[in-house]
Each structure stands twice: as C-alpha cells, then as structure tokens.
Amino acid sequence: MKRTTVWVTTAAALTGLVACTSSASSEEPEDKRPASAPAALPALRTAERSTERAETARVRSTTVMGTQLSLSADGVLAWRDGLSGNLTIDYTGGTAAETMRGLGVTSMEARYLSDAYYARMGDTFAAKMGGKHWLRYAYDDLKTLGGGADLADQMRSTTPNQSVRLLLDSGDVRALGRETVDGQAATHYSGTVRVEDVTDTELRRRLQDADVTAETVDIWINEKNLLVKKVEKTSTTNGRVTQTAHYSDYGVKVAVQKPPAADTEDFKALLSQSSTNPT
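Residues numbered from 1 in each chain as written. Predicted model: local features only at pLDDT ≥ 70, side-chain atom pairs only at ≥ 80, totals over all residues. Heavy atoms only, no water.

Here we look at the packing of aromatic side chains
Heads up, the condition is: Stacked, edge-to-face and tilted are the three classes for Phe, Tyr and Trp ring pairs, Trp counted by its six-membered ring, which pair at centre distances within 6.5 Å; planes under 30 degrees apart are stacked, over 60 edge-to-face, the rest tilted. Only runs of H or I of at least four residues qualify as helices and only runs of E of at least two qualify as strands under DSSP, and these elements are numbered from the N terminus. Throughout this description, buried means an accessible area under 20% of the type-specific maximum (1.4 Å probe, protein chains only), exposed means over 50%, and partly exposed covers the range between. Here, a charge over a ring means that NZ of Lys or CZ of Arg falls within 6 Å of the ring centre while also lying within 35 degrees of the ring normal.
Taken as a whole, this structure holds four aromatic pairs when the rule is applied. Taking the centre distance of 6.4 Å and the plane angle of 85 degrees together, the rings of W79 and Y250 count as edge-to-face. With W79 in the loop between β2 (69-78) and β3 (84-93) and Y250 in the loop between β11 (239-248) and β12 (264-266), this pair connects stretches of sequence that are 171 residues apart. For the residue pair W79 and Y250, the accessibility class agrees, reading buried in each case. Both rings, one in Y112 and one in Y117, keep their centres 4.7 Å apart while their planes meet at 50 degrees; by these two values the pair is tilted. When its relative accessible area of 0% is taken as the criterion, Y112 is described as buried. Among the aromatic residues, those joined into a ring-pair cluster are Y112, Y117, Y137 and F267. The ring of W220 carries K229 above its face, with NZ or CZ at 4.5 Å from the centroid.

Considerations on the nonpolar core
Spelled out, the test is: For this analysis, a nonpolar core means a set of buried residues of the types Ala, Val, Leu, Ile, Met, Phe, Trp, Tyr and Cys, connected via side-chain atoms within 4.5 Å.
Ranked by internal contacts, the top residues of the largest apolar core, which has 50 residues, are L44, I89, Y91, M108, Y117 and I219. If you look at the next biggest cluster of nonpolar residues, it comprises five residues, including V181, W220, V228 and V231.

Observations concerning the pairing of strand β8 (residues 184-194)
The side chains of a regular strand alternate, residue by residue, between the two faces of the sheet. Our working definition: Two strands pair if DSSP finds at least two bridges between them.
Burial of β8 is extensive: eight of the eleven residues sit out of reach of the surface. Here strand β7 (residues 174-181) folds back onto β8 in antiparallel fashion, the turn holding two residues, of which D182 has a positive phi close to 50 degrees.

Some points on the pattern of salt bridges
This is how it is decided: Here, a salt bridge means any side-chain nitrogen of Lys or Arg that lies within 4 Å of a carboxyl oxygen of Asp or Glu.
Counting across every chain of the model gives nine salt bridges. Three or more residues joined by partner-sharing salt bridges are found here, namely D115, R136 and D266.

So, the confidence of the model for the protein chain
Note the threshold: pLDDT runs from 0 to 100 and stands for how confident the predictor is about each residue. Residues count as neighbours in contact if any of their non-hydrogen atoms are within 4.5 Å of one another.
In this model, the protein chain carries a mean pLDDT of 77, and residues with pLDDT of at least 70 account for 70%. Across residues 19-36, confidence stays below pLDDT 50; counting only partners more than four residues off in sequence or on other chains, it has 52 contacts.

Here we look at the packing of helix α2 (residues 41-54) against helix α6 (residues 160-168)
Rules: For helices, the axis comes from a line fit to the C-alpha atoms of the stretch in contact; other axes are also lines fit to C-alpha atoms, and the angle between any two N-to-C directions lies between 0 and 180 degrees. For this classification, under 35 degrees means roughly parallel, over 145 means roughly antiparallel, 65 to 115 means roughly perpendicular, and everything else is oblique. By definition, turning the near helix anticlockwise from the far helix through less than a right angle yields a left-handed crossing, and turning it clockwise yields a right-handed one. Residue polarity is assigned by list, with Asp, Glu, Lys and Arg as charged and Ala, Val, Leu, Ile, Met, Phe, Trp, Tyr, Cys and Pro as nonpolar; anything else, Gly included, falls into the polar class.
Contact pair α2 / α6: the axes reach a minimum separation of 8 Å and the direction vectors enclose 160 degrees. Between α2 and α6, the angle is such that the two are roughly antiparallel. Here the hand of the crossing between α2 and α6 comes out left-handed. Residues L41, L44, R45, A47, E48, T51 and E52 of α2 pack against P160, N161, V164, R165, L167 and L168 of α6. Considered class by class, the residues forming the contact of α2 with α6 number seven nonpolar, two polar and four charged.

Side note on α2
To be explicit about the condition: Multiplying one less than the number of residues by 1.5 Å gives the expected span of a helix.
Here α2 contains 14 residues, and its C-alpha end-to-end distance of 20 Å stays within 8% of the 20 Å for a straight helix at 1.5 Å per residue. Listed as buried for α2 are L41, L44, A47, E48, S50 and T51. One or two residues past the end of α2 sits E55, with phi positive at roughly 75 degrees.

What to know about unusual backbone geometry
Of note in the backbone geometry, D182 takes a positive phi value of approximately 50 degrees without being a glycine. Within the secondary structure layout, D182 lies in the loop between β7 and β8.

Below you can see the structure in the form of structure tokens.
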C-alpha cells in the first residue's frame, strides 16, 4: 500500500473526534483564563463541572473540513479515566472520503481505549492488509502525524466539558437566550477565540499548531447544567472546519473491548512497511 494512502486513511479515520478540539487543558487554573462576560461565567463553570462529573454520554455529530472531508459519527463516550468509547463513523463526502471509498470503506467502527485508538476498516481494506480488519493507533505513535504531540493529547482529552472550557477561554462569551434543543429547554452561549488574543501560552500553541486563525464556539446548556449541543467553527490556513455535536443520555453505560490481536495491524508497523516499500 502506498504511504500517501496510509496518511490519508489515517487522517480521515482520526477526524471523527479530533476536529475542532483545540481546547485548553483541564488542568489549567481558572485565574489564568482571559476575562469573559461576568454574567455568563458562573453558569458556564457550573456546566463545566456538571458535564465533567457525568462521566459518560451518547453523542452524534457531523464534521465538515472544507472540500477535504465530511462525516457523521454516532456512539457513546466515557471520560472518567481518560477517553474511551465506541463510535460509528460514516464518510459522506470530500476528497478523503473518495480515497476511503477506493479502499472499500464508507463506514467505520472506532474504539477508543486508554492507550490507543482502533479503527475497523472493512473487508476490502483487510484484503490489502493480510486479512486484518483493525488498525491500532497508539496515542504515543500519533506524535509522528502532522499534529505532533498535540494530536495525541487531543485524542485523550476530547470530552463534552472541553467545549465548555474552550468557551470560557474565549474572552467574549455571551448568553444569547433560551432555545429548544432536542425537545428540551436550553440556554445558548457563544464566543470567539482569536489566536492573537489568547493569553494562555499552551492554548495559543495548540491553536497555532493546528493552523487555527480564529474559532467560534456555540454551546447549549440544559436545566440540569449539562451540555446538550455544541457548534465549533474554525478558520485555518487550509480552509474552514465545522463540527456540530449533540449530547444525551448522560451516565449511559460504556463498555469498550479491545479488538482481537490476530485481527489487528499496528499503525506504526504499517507505516514502517510503507516507508520501506512505498509502491
């Protein structure tokens, strides 16, 4: 398999959760955040804590990365001890999706465990991989990708409360009023993150590493102080990325099993093979 194909496949597989997740670390002290509209801060900090304590949720999302890729994802996530979960990702358009279709992949099962991310690529892809259906991406190995160490960090920390935290870091958060989301009352909050205005060094580095020039964040918080919807729109040097996610069933049981070793190919080993045999 050509190395370029491996790179495209990897990028497409990772997009389900990584896109639009340039949020600050959950360890960042509150007093280092940029000042936001005082009236909105108490409610958002309560929502951040409530969403973090919920530990699990059902998620359905759509992601559009310019003309490169569009996809939808549906499944469950847990963040009680790092990121874990099961998602079904459907590739719906874009040049990367066309490449995936050429590999016989239009839909993919994704499993997130404490040490690695697993992607089930399908029978056609397995035929090119010696019969193995699963690709394993160790988080430490993801440092070799274009996103560097930050991409590995994002894979570990992509949780609903991170969207609330990102909005707290925006510096201009504002409440836009009450709306109905998925049949329930919710308060709509909105804000913008501009790289040149970010005072936190780590957050600014993450945005710059992702080629982000500006990002708008909209979230909806229900009466239980839980995030029920988010929309993140990011302007990058490579185009615009938009992700919309809906969260429900907080507290749902999440059990993730590691795929059989005999049916799994390690990404690092595959990349090494493609480097020595690029054709």
